[in-house]
Amino acid sequence: MVLYNNNKKSIMRKILGIDPGLSGGLSIIDERFNLIACYPMPTVVGEDGKRKVDPVTAYNILSKHDIDLAMIEKVGARPKQGSVSTFNFGDGYGVIRSIAAVLFREVKFATAQDWRKYQGLIGLSKGQVAEIAYEVFQAEQIYAKPRAGKRAVRDGISDSLMIAKYGVRFLE
């Protein structure tokens, strides 16, 4: 469905894909898979000296965009992960969920298995998913500066792009 403004010009709806966590990403596309923006998850060093999701910067970035649907990867505790690590991850996840709930009309959640399966990405490595995301969106932000002759992949950005792409299916 295409929406129109008062001047009879089509308005593309925007989808935000969020890969939560310190290495995650925030990516915005339109319903025709055009890249609007993507960012590494903003972080700050807390009073305890540890890196955490920066709520102020995340809010400032996301409040600039008129998002129709926010699609967040649903995460949970992982086996063999310590309680402090799990708590810190959950803190960042809560920050992102709260910002999305305050800013956006619609927020949906999908597990990694859901969005990967729907797009035929099950069994692929982070690097392979990054290559596919790059082919679809041509987002230079997926790749960091090369290290030791290899392209470094920012899988948080590539995953957030594919999460946003998955979210397009939920637009009405």
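Preceding this paragraph is the structure being described.
Remember, it's a predicted structure, so these values are computed and weren't measured experimentally.

So, the overall build of the chain
Step number 1: Regarding its fold elements, the chain presents five helices and 11 strands.
Step number 2: Here the contacts in the chain between residues at least 6 apart in sequence split such that 57% fall between residues at least 24 apart.
Step number 3: Approximately 9900 Å² of the chain is accessible, and the part contributed by carbon and sulfur atoms is 51%.

Details of the side chain of Asp54
Step number 1: Summarising the element assignment, Asp54 is placed in the loop between β7 (51-53) and α1 (55-62).
Step number 2: Lys52 is the oppositely charged side chain nearest to the buried, salt-bridge-free Asp54, at an N-O distance of 11 Å.
Step number 3: Only 3.2 Å separates the side chain of Asp54 from the backbone nitrogen of Val56, close enough to count as a polar contact.

Some thoughts on α1
Step number 1: When we look at burial in α1, the residues that qualify are Ala58, Ile61 and Leu62. Buried residues of α1 fall within an arc of 90° about the axis and therefore sit on the same side.
Step number 2: You can read the cap of α1 off the contacts: a side-chain oxygen lies 3.2 Å from the backbone nitrogen of Val56, and it is on Asp54.

Digging into the side chain of Arg116
Step number 1: With respect to the element layout, Arg116 can be found in helix α3 (residues 112-118).
Step number 2: At 4.6 Å, Asp159 is the nearest oppositely charged side chain to Arg116, a buried residue that forms no salt bridge.
Step number 3: Ignoring sequence-local partners within four residues, the contact set of Arg116 consists of Leu121, Ile122, Leu124, Lys126 and Val129.

What to know about the pairing of strand β4 (residues 25-30)
Step number 1: Counting buried positions over the six residues of β4 gives six, a clear majority of the element.
Step number 2: Here β4 shows a buried face lined by Gly25, Ser27 and Ile29 and a second buried face lined by Leu26, Ile28 and Asp30.
Step number 3: Bridge count between strand β3 (residues 14-19) and β4: six bridges; the pairing is antiparallel. The partner of Ile18 across the bridge, within β4, is Leu26.
Step number 4: Between the end of β3 and the start of β4, which pair antiparallel, lie five residues, with Gly21 showing a positive phi angle near 110°.
Step number 5: Alignment of β4 against strand β5 (residues 35-40), held across five bridges, turns out to be antiparallel. Looking at β5, one finds that Ile29 is bridged to Leu35.

Topic: the environment of Gly156
Step number 1: Here Gly156 is to be found in helix α5 (residues 155-167).
Step number 2: A residue is classified by how much of its surface remains accessible, and Gly156, at 1% relative accessible area, is buried.
Step number 3: Separated by 138 residues in sequence, Gly156 and Ile18 have C-alpha atoms that sit 8.4 Å apart.
Step number 4: The contacts of Gly156, once residues within four sequence positions are left out, are Asp19, Ser23, Gly24 and Gly25.

What counts as what
Residues numbered from 1 in each chain as written. Predicted model: local features only at pLDDT ≥ 70, side-chain atom pairs only at ≥ 80, totals over all residues. Heavy atoms only, no water. Helix = DSSP H or I, 4+ residues; strand = E, 2+ residues; numbered from the N terminus. Contact = heavy atoms within 4.5 Å. Areas by Shrake-Rupley, 256 points an atom, 1.4 Å probe, with all protein chains shown as cover. Buried < 20%, exposed > 50% of the residue type's maximum accessible area, 1.4 Å probe, protein only. Lys, Arg positive; Asp, Glu negative; His and termini not counted. Salt bridge = Lys/Arg side-chain N within 4 Å of Asp/Glu carboxyl O. Polar contact = N/O pair within 3.5 Å; in protein donor to acceptor, adjacent residues only side chain to side chain. Arc of directions from axis to C-beta. Pairing = 2+ DSSP bridges.

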